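Read off the chains here:
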Amino acid sequence: MELIQETNDLSAYLAADEVVDHHHPLVRETAGRLAEGVADSYAYARAAFEFVRDTIPHSADSGDLRVTWRASDVLERRTGICYAKAHALAALLRAEDIPTAFCYQRFGEVHGLVAVRFRGAWHRQDPRGNKPGVDAQFSLDGERLAFATDPESNELDYPVLYAEPHPAVLGALKAAPDRPSLWRTLPTAL
């Protein structure tokens, strides 16, 4: 699949905003800790990915009913669904000047992940969190995502790389008082 940048302005994929608040002290402190002792930006990106994947439980897996959407809140509360975990990873990567985009897949509902730019190309990464049957890994040599789409089941990979989270995703996250409410309002298409 050919990934398509929403904008040709690469700086848009480094920007901070209300969601990707990579200037927040907790994001900066976490990024600084992860950057200690790594050899290069690739090693940092892998460390940030593994940190989000492994230390911030997916709220559906852990049974946490809280809904997070802002990167700093995800890091502070240590919980989030796929979108929130993607927001946290994007903030950590952008904090270290690694261009990061938001991208999506559609299964029963829309699933969120990120893409990082290395070696002149975009590479999708899924920090959702591993569990039996899910083994997402950081990779620039072929995708190792949590889930593969099945076009025969009407599943698909959206090719657009967004500089900001999709408005339908962000709207559902912001409006949900808890995860059960969120499940009823998650977008089923973009």
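Residues numbered from 1 in each chain as written. Predicted model: local features only at pLDDT ≥ 70, side-chain atom pairs only at ≥ 80, totals over all residues. Heavy atoms only, no water.

A few points about the pairing of strand 4 (residues 121-125)
For strand 4, the tally of buried residues reaches four of five residues, placing the bulk of the element in the interior. Examined bridge by bridge, strand 3 (residues 110-118) and strand 4 share five bridges and lie antiparallel to one another. Counterpart to Arg-117 in the pairing with strand 4 is Trp-122. In sequence, strand 3 turns back onto strand 4 through a hairpin of two residues, with Arg-119 there showing a positive phi of about 55 degrees. (Buried < 20%, exposed > 50% of the residue type's maximum accessible area, 1.4 Å probe, protein only. Helix = DSSP H or I, 4+ residues; strand = E, 2+ residues; numbered from the N terminus. Pairing = 2+ DSSP bridges.)

Examining the sheet that holds strand 3
Here four strands make up an open sheet; going across it, the order is 4-3-2-5 and the pairing antiparallel. At either margin of the open sheet sits one strand with a lone partner, and together these are strand 4 and strand 5 (156-157). Here two bridges tie strand 2 (residues 100-106) to strand 5, and the two strands are oriented antiparallel to one another. For Arg-106, the partnering residue across the bridge sits in strand 5 and is Leu-156. Here helix 5 (residues 82-95) sits on the sheet and contacts strand 2 and strand 3; the angle it forms with strand 3, its principal contact strand, is near 15 degrees. (Contact = heavy atoms within 4.5 Å. Axes fitted to C-alpha atoms, helices over the stretch in contact; angles between N-to-C directions.)

Some remarks on the packing of aromatic side chains
Taken as a whole and judged by the stated rule, the model has seven aromatic pairs. Arranged with centres 5.6 Å apart and planes meeting at 70 degrees, the rings of Phe-107 and Phe-147 form a pair that is edge-to-face. Of this pair, Phe-107 sits in the loop between strand 2 and strand 3 while Phe-147 sits in the loop between strand 4 and strand 5; the two residues are 40 residues apart in sequence, bridging distant segments of the chain. One aromatic cluster is present, built from ring pairs that chain together Tyr-42, Phe-49, Phe-118 and Phe-138. Between the NZ or CZ atom of Lys-174 and the centre of the ring of Trp-69, over which it lies, the distance is 4.8 Å. (Phe/Tyr/Trp six-rings, centres within 6.5 Å; stacked < 30°, edge-to-face > 60°. Lys NZ or Arg CZ within 6 Å of the ring centre and 35° of its normal.)

Any functional reading would require information that these geometric values do not contain.
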